[in-house]
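Tertiary structure, described
Residues per chain, in single letters:
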Amino acid sequence: MGGVAYNNNPLIWSLLTVGQILLIVVVLLISVAFVILADRKIWAAVQWRKGPNVVGPFGLFQSFADLIKFVLKELVIPSGADKFVFLLAPVVSVVCAFGAWAAMPFAPGWVISNLNVGVLYMLAVSSLGVYGIIMGGWASNSKYPFLGALRSAAQMVSYEVSIGFILITVILLSGSMNLTTIVDHQDGGFWRWHAFALPTIVVMFPMAVMFFISFLAETNRPPFDLPEAESELVAGYQVEYSSTAYLLLMLAEYTNIVLMCGLISILFFGGWHAPFPETFLKSWPPVIAHLWALMWFVIKTAFWFFMVAMVKAIVPRYRYDQLMRLGWKVFLPASLVGVALIAAWRVFGAQS
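Criteria and thresholds
- Residues numbered from 1 in each chain as written.
- Predicted model: local features only at pLDDT ≥ 70, side-chain atom pairs only at ≥ 80, totals over all residues.
- Heavy atoms only, no water.
- Helix = DSSP H or I, 4+ residues; strand = E, 2+ residues; numbered from the N terminus.
- Expected span 1.5 Å × (residues − 1).
- Buried < 20%, exposed > 50% of the residue type's maximum accessible area, 1.4 Å probe, protein only.
- Contact = heavy atoms within 4.5 Å.
- 1 Å grid on protein atoms, 1.4 Å probe; cavity = no way out; pocket = protein on both sides within 12 Å on 5 of 7 lines; lining within 4 Å.
- Points joined across faces, edges and corners; volume = space filled by probe spheres on them.
- Nonpolar A, V, L, I, M, F, W, Y, C, P; charged D, E, K, R; others polar.
- Axes fitted to C-alpha atoms, helices over the stretch in contact; angles between N-to-C directions.
- Left-handed = near helix turned anticlockwise from the far one by under 90°.
- Polar contact = N/O pair within 3.5 Å; in protein donor to acceptor, adjacent residues only side chain to side chain.

The subject of this paragraph is helix H1 (residues 10-46). For an α-helix, 3.6 residues make a turn, and residues three or four places apart therefore share a direction. With 37 residues, H1 extends 53 Å from end C-alpha to end C-alpha; this agrees with the ideal 54 Å at 1.5 Å per step. Of all the positions in H1, only Thr17, Gln20, Ile24, Leu28, Val32, Ala33, Val35, Leu37, Asp39, Ile42 and Ala44 are classed as buried. Buried residues in H1 make contact with helix H2 (62-72), helix H3 (83-99), helix H10 (243-268) and helix H11 (286-314). Just downstream of H1, Trp48 is the residue with a positive phi angle, here 60 degrees.

Below, the structure written as structure tokens:
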């Protein structure tokens, strides 16, 4: 995101980088506020309710009212809790959730750090978020949060294995772990997107579906919200949290959800590319072309969040044994077969 001409001046480069980070953090915070509102509105619409509709026009300011409420509430720490770890856990979760966005490209050149190993960085940083949940569950000194933390650790590790193999199929197709290169590989229309490109559609479309289901489990979203299942664990790892600490845990969870919605758009559905050839962009000013690209990235990310919200509204919760069976006995073998097929096609079938 700019700053190339100032690389020789460390002070200016540092200020520009900090400015970019602050801009993305502020945009994310505002986006998460409306994402939470959208989640509640979609769920309400499925149940023929209006959802939040009092604070502001159409209830648009409901999330900001909730923010004020959480900030002003008293922070209660259980007497037997490890106070330092108890308060550190939400901070760890939020730092990991926002840290993953450092390598997320929004449009051509619009990225804080254009890493050559962007996919690996994303997988590593997002997987660290489980430490916040484990720390929060253990430090609460209560059996229900601890059981929720254990469930979360097992669940996230199980589905990260499948996500890792699914990512390998994308890396094999694009020949790079750089997210911008992966998006550029899908330029030219929806028939070139990894999920729809022939002849690999027979493998990659199921991989895209498996990635979607796996990131639901990875982010503890329904129907895989077993670490915080109210009917079993009284809200699980976060049951002892209140006030700003609880707010930070929810912020981390929704930030990770939006991250995964953006990531599935980049990996399988063309990222910021429109579903038709964009040869006309060559005659457009660069800023307008980048805004056009940003618009498509936002549309795709919003669509996948809508799908996440609909799954929450219409799919019943899994039992924990069903969750584990799906991850280890279905997704893991299927993703391994997908890696083998894509690798074979790259070696023997792809035209150089």
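Next comes the rest of the description.
The subject of this paragraph is the layout of surface pockets. The volume enclosed by the largest pocket comes to roughly 1000 Å³. The wall of the largest pocket is formed by 36 residues, among which Ile36, Phe70, Tyr246, Met250 and Tyr254 lie closest to the centre. Those elements that provide at least two residues to the lining of the largest pocket are H1, H2 and H10. Ranked by residues supplied to the lining of the largest pocket, first place goes to H1 with nine residues. The class makeup of the residues in the lining of the largest pocket is 21 nonpolar, three polar and 12 charged.

At a minimum axis distance of 12 Å, the contact between helix H8 (residues 201-218) and H11 shows a crossing angle of 65 degrees. The handedness of the crossing between H8 and H11 is right-handed. Taking contact as the criterion, the partners of Phe212, Phe215 and Leu216 in H8 are, on H11, Trp304, Met307, Val308 and Val311. A per-class count over the contact of H8 with H11 returns seven nonpolar, no polar and no charged.

A few words now on the environment of Ser283. On the secondary structure map, Ser283 appears in the loop between H10 and H11. For the pair formed by Ser283 and Leu294, sequence separation is 11 residues and the distance between their alpha carbons is 18 Å.

Okay, the side chain of Ser174 next. Mapped onto the elements of the fold, Ser174 is located in helix H6 (residues 143-174). In this structure Ser174 comes out as buried when scored by relative accessible area, which is 12%. A polar atom in the side chain of Ser174 sits 3.3 Å from the backbone oxygen of Ser176. In this structure, Ser174 is in contact with Ile182, His185 and His194, ignoring residues within four places of it in sequence.

Using the criterion set out here, one finds three cavities of 30 Å³ or more in the structure. In this structure, the largest cavity spans a volume of roughly 200 Å³. Listing elements by their share of the lining of the largest cavity, those giving two or more residues are helix H5 (129-139) and H10. Among the elements that line the lining of the largest cavity, the one with the most residues is H10, at six residues. Partitioning the lining of the largest cavity into residue classes produces eight nonpolar, six polar and two charged. Counted as a void, the second largest cavity has a volume near 70 Å³. As for the second largest cavity, its lining consists of Val119, Met122, Leu123, Ser126, Ile163, Leu167, Phe211, Leu259, Met260 and Leu263. Secondary-structure elements contributing two or more residues to the lining of the second largest cavity are helix H4 (118-127), H6 and H10. By residue number, the principal contributor to the lining of the second largest cavity is H4, which donates four residues. Classifying every residue of the lining of the second largest cavity by side-chain character gives nine nonpolar, one polar and no charged.

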